[in-house]
Structures are given as C-alpha cells and as structure tokens.
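Structure at a glance
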Amino acid sequence: MIGFREVLRGLRALSIGQQPVIVHASLSAFGPVHGGAETVVGALLATFPGVMAPTHTYKTMLIPEEGPPNNAITYGSGRAQNAMAEFFTLDMPADPLMGMIPETLRRHPRAKRSGHPILSFAGVGVEAALNAQTLEEPLAPIRVLMEEEGWVLLLGVNHTVNTSLHLAERLAGRRQFLRWALTPQGVVACPSFPGCSLGFEKAEPLLRALTREVQIGSAMVRALPLAPMIERITAYLREDPMALLCDDPSCERCTAIRAELAAA
C-alpha cells in the first residue's frame, strides 16, 4: 500500500515546476492507496498551483427525434435514454467514466466548476480556465491552461482519455458535432461536441519524446506539456486528416468523419 508521501514524491519527480495541470486518472491503477482518492488529490494540490480535471455529465444528454444531417447520431433512438435524462446542476456528480479522482477534486472545498451541461471541468486554482468555457467553446479551459504553459497528467491511464487531444482536433479543423442537454432552463443545444477518443493512443509514438514518466505504486504516470503536445498533434492531423480515428466500424463519430473526408 502506498500513501501520501509516495504519491507526492512521484509527482515531484516529474519536475514540472509550478505549472497548472489537467489530470486524467484511474485510482485502481495505483493499487492500494492509504486514504484513496483523497490522498491522490491532496498530493496533486500540494504539488501544483492549479489542478483541473474533466467532470463530464453524460446523463444530461438527449437524442431528439430529428436534427441536422451528418451529425453522427441516430435521431429518434433515444426515447428510453431521454426518459432517464437528468437536469444538469453544478453539484451533479461527474460521470463514473471520469473516475474517482476527478469526482473527489470536484467535491474539494476550494474547487470551482464550469457550467457546461455535458462537458464541464472542475478544479482548484484554475478559475480563469473554468470561466473561459462557453457552450460554443467547450474546450476553452484546456486552451487557457495551454496558454499558461500547463501540463497534462495521465495517472495510470493512456491517451484514449486524454481530453486535451480533442483541442488539437478542433484546431486542425476536424468535424465537430451537435448534442443536446437537459438543463433547468430547458433543452440546450451544445455545439462543438468532439469526436471519439478511442484511437488517441495511436499518438503515443509521436508524443514519446515529449513525455516524462514515473512509477507511483502500480501506476505508470505520464506527463506532457500541453502546448507542444497540441501543436504536434494539430500538425499531424492537418497532414493526415484520417489519423487517430478509432477502428470500431460501429463508431458513429469516426464513421461520419471518414465519410466527410472521403467526399471532400
């Protein structure tokens, strides 16, 4: 079992300095941790001046009966899902897919959260990034962290959960989608919804030279500087617009992107 000191020592060994970070994490990847997610979050906040994580809430999403074409969605297929959709609130728990560490960060007494009804972020010491988010620019918090020379931390996970690579897709001009969410003010259209991330680990060889690694417990922790990472992937996608798409033939978003590129 590892504790606070081991996690703190590992994070400091990355030698990032006093830069903000966006964190993607799997608590179980560490093995037994004394104090659980609170220990990891405490070590993150003791190491970095700003810590942010995605706290997305997919249970707010609705599928309408009709909508714009080529939107990687099957209209009229969500009646059962729509009946179970929940209104977004700032205290709504993050989707379980985000993991316990982002949810624990969201619940921290000093944490703030952005207000996007699907793609919110939460964090401590990152108010400027959180305040930059709008419905039209859901990835603006990542852009602000990039401009602040921030880093992305992958704690026991790989690039398939590296949300920051979606910003590279947007900057490269890759197709974005329209989704809808249930809010107390009614149903809200959410443009600039990103594509699928299941193919993102294909970027690992391209990003290896930028990556710092350290072992903490059973978890391999990787750190990458946001700006060089996003610049490299943006250039890569402009050169090869089909790159980093997933290989699942049933993936509606990757299929839609391939179809658009093939027709261009």
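Here the structure is a predicted model, which is why all the values come from computation and not from measurement. (Residues numbered from 1 in each chain as written. Predicted model: local features only at pLDDT ≥ 70, side-chain atom pairs only at ≥ 80, totals over all residues. Heavy atoms only, no water.)

Turning our eyes to something else, we now look at the sheet that holds strand β9 (residues 212-216). Judged by pairing direction, the sheet is mixed, and its seven strands sit side by side in the order β4-β5-β2-β1-β6-β10-β9 without closing on themselves. The outermost strands of the open sheet, each flanked by one partner alone, are β4 (112-113) and β9. With two bridges joining them, strand β1 (residues 21-25) and strand β2 (residues 51-54) adopt parallel strand pairing. Looking at β2, one finds that Val21 is bridged to Val51. (Pairing = 2+ DSSP bridges. Helix = DSSP H or I, 4+ residues; strand = E, 2+ residues; numbered from the N terminus.)

Turning our eyes to something else, we now look at the packing of helix α6 (residues 140-147) against helix α9 (residues 226-239). Interaxial distance between α6 and α9 falls to 8 Å at its minimum, and their mutual angle equals 115°. Of α9, the residues touching α6 (which contributes Ile142, Leu145 and Met146) are Leu226, Ala227 and Ile230. When its residues are assigned to classes, the contact of α6 with α9 shows six nonpolar, no polar and no charged. (Axes fitted to C-alpha atoms, helices over the stretch in contact; angles between N-to-C directions. Contact = heavy atoms within 4.5 Å. Nonpolar A, V, L, I, M, F, W, Y, C, P; charged D, E, K, R; others polar.)

Sizing a probe to match a water molecule and rolling it over the atoms shows the empty space that remains. Considered as a void within the structure, the largest pocket measures approximately 920 Å³ in volume. In terms of lining, the largest pocket is formed by 38 residues, of which the most central are Tyr58, Leu97, Gly195, Ser197 and Arg253. For the lining of the largest pocket, the secondary-structure elements that each account for two or more residues are β1, β3 (61-62) and α10 (252-263). Here the element with the most residues in the lining of the largest pocket is β1; it accounts for three residues. Looking at side-chain class alone, the lining of the largest pocket contains 23 nonpolar, eleven polar and four charged residues. (1 Å grid on protein atoms, 1.4 Å probe; cavity = no way out; pocket = protein on both sides within 12 Å on 5 of 7 lines; lining within 4 Å. Points joined across faces, edges and corners; volume = space filled by probe spheres on them.)

On to the side chain of Asp95, then. Its place among the elements puts Asp95 in the loop between α3 (79-84) and α4 (100-106). Here Asp95 is buried and forms no salt bridge, its nearest opposite-charge partner Lys59 lying at an N-O distance of 7.4 Å. With residues near it in sequence (within four places) discarded, Asp95 still touches His56 and Tyr58. (Buried < 20%, exposed > 50% of the residue type's maximum accessible area, 1.4 Å probe, protein only. Lys, Arg positive; Asp, Glu negative; His and termini not counted. Salt bridge = Lys/Arg side-chain N within 4 Å of Asp/Glu carboxyl O.)

Attention now goes to the sheet that holds strand β7 (residues 177-183). If you trace the three strands from one edge of the open sheet to the other, you get β3-β7-β8, paired in antiparallel fashion. Where the open sheet ends on each side, the last strands, each with one partner, are β3 and β8 (186-193). Summarising the sheet, β7 and β8 pair through six bridges and their orientation is antiparallel. Residue pairing for β8: Trp180 is matched across the bridge by Ala189.

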